[in-house]
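# An overview of the molecular structure
Next come the chains, spelled out residue by residue.
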Amino acid sequence: MKKINLIKIFAVILFPVIVMSCTHKETDPSIVRSSKYNESLKKAYKQLGLFYTTSNIPALTVAVSIDNQVVWADGIGYSSLELKIPTSPTHKFRIGQLSELITTLTAARLQDEGKFDLSKPVSDYIPEMSQNYYKFSVSQLGFQVAGLPTETRPAGKVPVGSLKTFVPTFMNEKLVYYPGSYFLRSELGIDLMAYALEKNSNKAFTKLVQETMLDTLKLTNTVPDNPYRIVDDKVNMYDFDFISQPIVSNQIDLRGKEASAGYLSSVLDLVKIGNVLVYPGFLKQETLDFITKPYTLSEGGDTQYGFGFIVAKDSNGEIFYGQRGSVDGGCAALLVYPEDKLVIAMTSNIGGSTTDLPIFDVARIFKEQLHPERVEKIEEK
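Residues numbered from 1 in each chain as written. Predicted model: local features only at pLDDT ≥ 70, side-chain atom pairs only at ≥ 80, totals over all residues. Heavy atoms only, no water.

Further remarks concern the sheet that holds strand β6 (residues 223–224). Pairing within the open sheet is antiparallel, and its three strands lie in the order β5-β9-β6. The open sheet has two free edges, formed respectively by β5 (93–94) and β6, since each of these has just one partner strand. Bridge count for β6 against strand β9 (residues 263–265) is two bridges, and the pairing is antiparallel. Paired with Pro224 across the two strands is Tyr263, which belongs to β9. (Pairing = 2+ DSSP bridges. Helix = DSSP H or I, 4+ residues; strand = E, 2+ residues; numbered from the N terminus.)

So this is what it looks like as C-alpha cells:
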C-alpha cells in the first residue's frame with residue numbers, strides 16, 4: 001500500500017512538470033526531442049522532474065548531444081517566477097566558473113592560429129610581472145598548477161572593474177607552491193591568462209573571445225554578463241534564503257571577472273563548446289590531445305585536470321571531461337563522454353553550491369540506451 005501511495009504522490013508531482021514542459025513545444029522551435037531516444041527521454045524527464053520539485057529551483061534547462069547532433073533540448077520551470085515565463089533552451093543563464101573553459105579554448109585556438117604560445121612564461125606577455133621569482137607558463141595557469149593562491153572573494157560580490165585594474169593587484173604576489181609541483185584551483189590564474197591574451201593582442205579580452213571563439217562557433221547565446229546592459233533572453237536570477245526558498249538574487253558585477261566566472265550562456269551553446277573537446281576542427285587534433293591529457297606533476301602523479309576542465313574516470317572506469325560553475329543567481333554544468341561522443345549541458349537560474357545539477361543521472365540514462373549490452377549483463381547478475 002505504501003509503495004502504491006508513493007507512486008501516486010510522485011505521479012501527481014511530476015505530471016504537471018512534464019505537461020508544462022510539453023505544452024509550449026509548438027511555440028518554441030529550440031525544443032528538441034529525438035524519437036530515436038524516446039525511452040531515454042521518458043526516464044530523463046522523470047529524473048529532472050523529481051529534481052526540479054524536490055530542489056525547489058525556479059528553472060532548469062538541459063541539452064544532450066550525441067554524435068554532434070542535439071537529441072534533446074528542453075526547459076522545466078520559469079525563467080521569471082514573477083511573470084511565469086516558461087524557460088527555454090535558448091535562455092541565457094549565469095554559468096560561473098564554466099567561463100574558464102571559454103578562456104582556455106580561446107587561448108588554445110589562438111595558439112593553433114600562430115598568434116599565442118601556451119608554452120611561454122606568462123611574464124613574456126606581461127613584462128611588469130617579471131619580478132616574480134618563479135617562472136610559470138600560460139599552460140600551467142590553465143592546468144591549475146602555476147602556484148597562484150585561490151580567490152578569497154566570491155566572484156561579483158566585490159567589483160574589480162577590469163582586467164587592467166584587477167590583475168596588477170595580485171600578479172606579483174608570492175606563489176603558494178613551486179609551479180608544476182601541486183594542483184590548486186584558482187580563478188586568479190584564469191584572470192591572469194585573460195590579461196596575457198589581452199596584452200598580446202592589444203584587444204579587450206571579451207572582444208578577442210567574440211572574434212576567436214563565439215563568432216567562429218556561432219555561439220549566439222553566449223555573452224559577458226554586464227549588470228547595466230539589457231540582454232535579450234536573459235533569465236531572472238534567484239538565490240535561496242535561509243529556509244531554502246527562492247528569493248530575488250542581489251545584483252553582482254562580474255565585469256573584470258568574465259574570464260573566470262562572468263559569462264552568460266545557454267545549454268545549446270554549451271553543448272557546442274563540449275563538442276569542441278570531442279571533434280577536431282575548432283582546434284587541431286594535437287592541441288586536443290594536449291588539453292585533454294591530465295597534467296603530470298613534477299613530484300609524480302596526475303592531477304585529473306585538463307586545460308580548464310576536469311579529466312577523470314567515473315565509477316565504471318570511463319573517461320569523462322567536466323566542468324561546473326556557480327555564482328549568485330545561477331549555476332551550470334557540462335559533461336562530456338568522448339568515447340560515446342555524448343555531451344550534456346545543464347543550467348539553472350539559482351545560485352549556491354547546494355544546487356548540484358543531476359547531470360550524471362541524465363548521462364547514465366542515455367548511456368544505458370547507447371550500451372544496452374551492459375544493462376543486460378547487470379540484470380543477469
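In this section: the pattern of salt bridges. Considering all chains together, one arrives at 20 salt bridges under this definition. Across the pair Glu113 and Arg109 runs a salt bridge whose closest N-O atoms are separated by 3.0 Å. Residue class for Glu113 comes out partly exposed when judged on its relative accessible area of 33%. A salt bridge links Glu113 to Lys115, with the nearest nitrogen and oxygen atoms 3.4 Å apart. When salt bridges with common partners are traced through the structure, they connect Glu151, Arg153, Glu187, Asp191 and Lys257 into a single cluster. (Salt bridge = Lys/Arg side-chain N within 4 Å of Asp/Glu carboxyl O. Buried < 20%, exposed > 50% of the residue type's maximum accessible area, 1.4 Å probe, protein only.)

Attention shifts here to helix α3 (residues 99–112). Between its first and last C-alpha atoms α3 spans 20 Å; for 14 residues at 1.5 Å apiece the expected length is 20 Å, and the two agree. With 13 of 14 residues buried, α3 is to be regarded as a mostly interior element. Looking one or two residues past α3, Gly114 carries a phi angle of roughly 75°, positive in sign. (Expected span 1.5 Å × (residues − 1).)

Further remarks concern the packing of aromatic side chains. Here the structure, examined in full by the defined rule, presents 13 aromatic pairs. Taking 6.2 Å as the distance between ring centres and 50° as the angle between the ring planes, the aromatic pair formed by Phe320 and Tyr337 counts as tilted. Placement of the pair is Phe320 in strand β11 (residues 319–327) and Tyr337 in strand β12 (residues 330–337), with a sequence separation of 17 residues. Its relative accessible area of 10% is what places Phe320 among the buried residues. Through successive ring pairs, a cluster of aromatic residues spans Tyr37, Tyr45, Trp72 and Phe366. Geometry around Tyr78 places Lys84 over its ring, the cationic atom sitting 5.9 Å from the centre. (Phe/Tyr/Trp six-rings, centres within 6.5 Å; stacked < 30°, edge-to-face > 60°. Lys NZ or Arg CZ within 6 Å of the ring centre and 35° of its normal.)

Before going further, it helps to spend a moment on the packing of helix α2 (residues 38–55) against helix α12 (residues 359–370). Following both chains from N to C, one finds α2 and α12 inclined at 165°, their axes separated by 9 Å at the closest point. The angle between α2 and α12 falls in the class roughly antiparallel. Regarding α2 and α12, the two cross each other, and that crossing is right-handed. For the pair α2 and α12, contact is made by Glu39, Ser40, Leu41, Lys43, Ala44, Gln47 and Leu48 and by Asp361, Val362, Arg364, Ile365, Phe366, Glu368 and Gln369, respectively. Per-class residue counts for the contact of α2 with α12 are six nonpolar, three polar and five charged. (Axes fitted to C-alpha atoms, helices over the stretch in contact; angles between N-to-C directions. Parallel < 35°, antiparallel > 145°, perpendicular 65-115°, else oblique. Left-handed = near helix turned anticlockwise from the far one by under 90°. Contact = heavy atoms within 4.5 Å. Nonpolar A, V, L, I, M, F, W, Y, C, P; charged D, E, K, R; others polar.)

What follows is about the nonpolar core. Leu105, Phe116, Val122, Ile126, Phe136, Leu148 and Leu192 are the most contacted members of the largest nonpolar core, which totals 70 residues. By residue number, the principal contributor to this core is helix α7 (residues 187–201), which donates eight residues. Beyond its immediate chain neighbours, meaning those up to four positions away, Phe136 contacts Lys120, Pro121, Val122, Met129, Leu141, Ala146, Leu148, Leu175, Pro179 and Leu192. Counting 32 residues, the second-largest nonpolar core is a separate cluster that includes Leu60, Val64, Leu342 and Ile365. (Core = buried A, V, L, I, M, F, W, Y, C linked by side-chain atoms within 4.5 Å.)

Function cannot be read off these values alone, since they describe shape.
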